[in-house]
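# Structural features, examined
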Amino acid sequence: MIESKDMVIDQSLPKYYLDHLRELEAEAIFVIREVVAQFEKPALLFSGGKDSIVLAHLAKKAFYPARIPFPLIHIDTGHNFPETISFRDQLVAQLGVQLIVGSVQESIDLGRAKEETGANASRNALQTITLLDTLEAHKIDAAMGGARRDEEKARAKERFFSHRDEFGQWDPKNQRPELWNLFNGRKQQGEHFRVFPISNWTEMDVWQYIKEENIALPSLYFSHERECILRDGVILANSAFIKLRADEQPQMMQVRYRTCGDMPITGAVISEADTLDKIIIEIATTRTTERGTRADDKRGETAMEDRKKAGYF
């Protein structure tokens with residue numbers, strides 16, 4: 001039970017919902033094992049966000065007591081929250097897995113990517129070339145990610161096994177059917193797959209599962225005080241990566257994050273939710289999606305789909 005001002009809410013899950021979470025868990029573990037069975041060099045794309053953390057937890061359960069039989073890949077933009085990097089390193093050490101880091105700064109230095117300029121500059125789109133180069137360098141033929149269909153309309157079009165051509169591009173109009181949990185991982189030389197084991201999960205499912213499994217998360221996800229600015233309706237953390245406009249004045253706010261990305265593009269929400277129970281209540285009553293706070297998704301109506309077609313996560 002948890003008390004919330006004038007009301008008392010029972011936080012214990014009914015059996016049908018626990019069964020629902022176990023079905024989602026079993027489905028995800030099945031998909032992860034299928035990836036290892038069908039591909040020669042799989043990897044797990046790890047951002048340090050809650051979804052990729054849950055995916056790493058599921059991978060651990062899938063092969064326990066053995067270690068996770070594939071590396072984690074993190075595409076480091078250089079504009080990450082320090083809490084994310086610290087948590088990433090602790091988790092990798094705890095799991096005993098290999099960590100492959102692709103550097104966006106290195107891509108810029110090599111002339112493979114061009115740094116954006118201006119007040120709204122972001123390295124988010126630059127991740128694509130770094131990701132594709134990293135997959136190619138390590139001969140990864142299946143990269144698992146924590147994307148979910150409820151996050152964004154472009155992701156709702158994605159299959160579990162998402163085929164990518166020799167240029168790493170995704171064609172939403174030419175996807176393979178997936179019937180009765182039969183996954184077709186056949187590919188030509190140079191092609192690869194992105195695989196999304198938690199496609200059918202919702203944000204609420206993720207949070208309830210985190211609570212049930214007692215999964216540790218970066219402190220970003222819980223209410224804390226941070227110096228922020230308000231830009232175009234989005235609360236952004238003030239940092240060295242942001243160029244302040246003349247009318248912007250940083251101020252201390254009590255915030256938390258629903259999604260984890262680069263500091264210049266990831267919006268926070270005003271929140272007092274400093275426990276999992278409070279976060280679950282907050283998610284249950286919110287009217288906006290978690291990616292509604294991402295400045296990169298506001299660049300255009302098809303911003304996410306355009307990035308995915310080019311080879312984005």
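For the structure, see preceding data.
Notes on the structure in this doc start here. (Residues numbered from 1 in each chain as written. Predicted model: local features only at pLDDT ≥ 70, side-chain atom pairs only at ≥ 80, totals over all residues. Heavy atoms only, no water.)

### Some words on the packing of helix α6 (residues 203–213) against helix α7 (residues 276–285)
Geometry of a packed helix pair, given as the angle between the helix axes and the separation of the axes. The contact between α6 and α7 brings their axes to 10 Å, and the two run at 165 degrees. Considering the angle they form, α6 stands roughly antiparallel to α7. Of the two possible hands of crossing, α6 and α7 adopt the one that is left-handed. Seen from α6, the contacting residues are E203, M204, W207, Q208, I210 and K211; seen from α7, they are L276, D277, I279, I280, I283 and A284. Its residues placed into classes, the contact of α6 with α7 shows eight nonpolar, one polar and three charged. (Axes fitted to C-alpha atoms, helices over the stretch in contact; angles between N-to-C directions. Helix = DSSP H or I, 4+ residues; strand = E, 2+ residues; numbered from the N terminus. Parallel < 35°, antiparallel > 145°, perpendicular 65-115°, else oblique. Left-handed = near helix turned anticlockwise from the far one by under 90°. Contact = heavy atoms within 4.5 Å. Nonpolar A, V, L, I, M, F, W, Y, C, P; charged D, E, K, R; others polar.)

### Here we look at the environment of A125
Within the secondary structure, A125 is located in the loop between α4 (104–109) and α5 (127–137). Its relative accessible area of 39% is what places A125 among the partly exposed residues. Sequence-wise, A125 and A113 are twelve residues apart; in three dimensions their C-alpha atoms are separated by 9.4 Å. (Buried < 20%, exposed > 50% of the residue type's maximum accessible area, 1.4 Å probe, protein only.)

### Details of the packing of aromatic side chains
Applying the stated criterion across every chain, the model contains ten aromatic pairs. Arranged with centres 5.5 Å apart and planes meeting at 55 degrees, the rings of F39 and F193 form a pair that is tilted. A residue pair is termed long-range when its members are at least 10 positions apart, and F39 in the loop between α1 (15–38) and β3 (42–45) and F193 in strand β8 (residues 192–195) qualify at 154 residues. For the pair shown, F39 and F193 are each scored as buried. Aromatic side chains W207 and Y221 sit 5.8 Å apart centroid to centroid with 75 degrees between the ring planes, which places their arrangement in the edge-to-face category. Placement of the pair is W207 in helix α6 and Y221 in the loop between α6 and β9 (224–231), with a sequence separation of 14 residues. Of the two residues examined, W207 and Y221, each falls in the buried class. Feature note: the residues F30, F39, F160, F161, F183 and F193 constitute an aromatic cluster, connected by ring pairs. In this structure, R149 is placed above the aromatic ring of F160, and the distance from its NZ or CZ to the ring centre is 5.1 Å. (Phe/Tyr/Trp six-rings, centres within 6.5 Å; stacked < 30°, edge-to-face > 60°. Lys NZ or Arg CZ within 6 Å of the ring centre and 35° of its normal.)

### Quick look at the sheet that holds strand β5 (residues 99–103)
Overall, mixed pairing links the six strands, which are arranged β5-β4-β3-β6-β8-β7 in an open sheet. Strands with a single pairing partner mark the edges of an open sheet, and in this sheet they are β5 and β7 (161–164). Neighbour to neighbour, the strand axes of the sheet diverge by 30 degrees on average, direction disregarded. Across the sheet, helix α3 (residues 82–95) lies against β4 (72–76) and β5, angled at about 150 degrees from β5, the strand it touches most. (Pairing = 2+ DSSP bridges.)

### With respect to the sheet that holds strand β12 (residues 267–270)
Strand order in this closed barrel of four strands is β9-β10-β12-β11, and the pairing throughout is antiparallel. Taken over all neighbouring pairs, the strand axes of this sheet differ in orientation by 70 degrees on average, direction set aside. Pairing of β9 with strand β11 (residues 251–256) involves five bridges; the strand directions are antiparallel. Residue pairing across strands places E225 opposite Q254, the latter belonging to β11.

### Describing helix α2 (residues 50–63)
Between its first and last C-alpha atoms α2 spans 20 Å; for 14 residues at 1.5 Å apiece the expected length is 20 Å, and the two agree. A large share of α2 lies buried, amounting to twelve of its 14 residues. Among all positions in α2, only K50, D51, S52, I53, V54, L55, A56, H57, L58, A59, A62 and F63 are buried. Of the surrounding secondary structure, the elements contacted by the buried residues of α2 are α1, β3, α3, β6 (142–144) and α6. (Expected span 1.5 Å × (residues − 1).)

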